[in-house]
Amino acid sequence: MLKTFYESIGFLGALLLALGLFVLFIIWIAGIAGITLPVDGGKPRGSKIEIILAIFVPIYPVIWLFYEMYHQRKFIKKENNDLTS
């Protein structure tokens, strides 16, 4: 199976696919960590359904992570504009 995979997409394709899957795995784990991160009361940020969804639907924490990064960027830009004004 690996031989067929390597022969069909070549060395560079196999390398890029492996690197891409590794990066997506890291982002998936980071998204789960962000969703389950405890906030002020010690309770996780996400509900139980959201946590289960994050574990079993790997694209959900990836989208959640990019959504949160976008909102953090907007918040930081707003804070910087408020400080310079």
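No experiment lies behind these values; they were computed from the predicted model shown.

S.K.: For this particular structure, what's the right way to read the packing of helix α1 (residues 2-35) against helix α3 (residues 59-84)?
M.R.: Packed helices, taken two at a time, are described by their axes: the angle between them and the distance between them. The interhelical angle for the contact between α1 and α3, taken along N-to-C directions, is 70 degrees, at an axis separation of 8 Å. Between α1 and α3, the angle falls in the class roughly perpendicular. Residues Ile27, Trp28, Ala30, Gly31, Ile32, Gly34 and Ile35 of α1 pack against Tyr60, Pro61, Val62, Trp64, Leu65 and Phe66 of α3. Looking at the contact of α1 with α3 residue by residue, the classes come out as 11 nonpolar, 2 polar and no charged.

S.K.: Would you take a moment to explain α1 for this structure?
M.R.: With 34 residues, α1 should reach 50 Å at 1.5 Å per residue; the first-to-last C-alpha distance of 35 Å falls well below that figure. For α1, the principal kink sits at Gly10 and spans about 105 degrees. Among the residues making up α1, those that are buried are Ala14, Ile27, Trp28, Gly31, Ile32, Gly34 and Ile35. Contacts from the buried residues of α1 go to α2 (48-56) and α3.

S.K.: I keep staring at the nonpolar core and nothing clicks. Help me out?
M.R.: Soluble, globular proteins show a tendency: their nonpolar side chains are buried together. Ile27, Trp28, Ile32, Ile35, Ile51, Ala54, Val62, Trp64 and Leu65 form the largest nonpolar core, which has 9 residues in total. Every element with two or more residues in this core is listed here: α1, α2 and α3. At 4 residues, the largest contribution of residues to this core is made by α1. What Ile35 contacts, discounting residues up to four positions off in sequence, is Pro44, Arg45, Gly46, Glu50, Ile51, Ala54, Tyr60, Pro61 and Trp64.

About the cut-offs
Residues numbered from 1 in each chain as written. Predicted model: local features only at pLDDT ≥ 70, side-chain atom pairs only at ≥ 80, totals over all residues. Heavy atoms only, no water. Axes fitted to C-alpha atoms, helices over the stretch in contact; angles between N-to-C directions. Helix = DSSP H or I, 4+ residues; strand = E, 2+ residues; numbered from the N terminus. Parallel < 35°, antiparallel > 145°, perpendicular 65-115°, else oblique. Contact = heavy atoms within 4.5 Å. Nonpolar A, V, L, I, M, F, W, Y, C, P; charged D, E, K, R; others polar. Expected span 1.5 Å × (residues − 1). Bend = angle between axes of the 7 residues up to and from the residue. Buried < 20%, exposed > 50% of the residue type's maximum accessible area, 1.4 Å probe, protein only. Core = buried A, V, L, I, M, F, W, Y, C linked by side-chain atoms within 4.5 Å.

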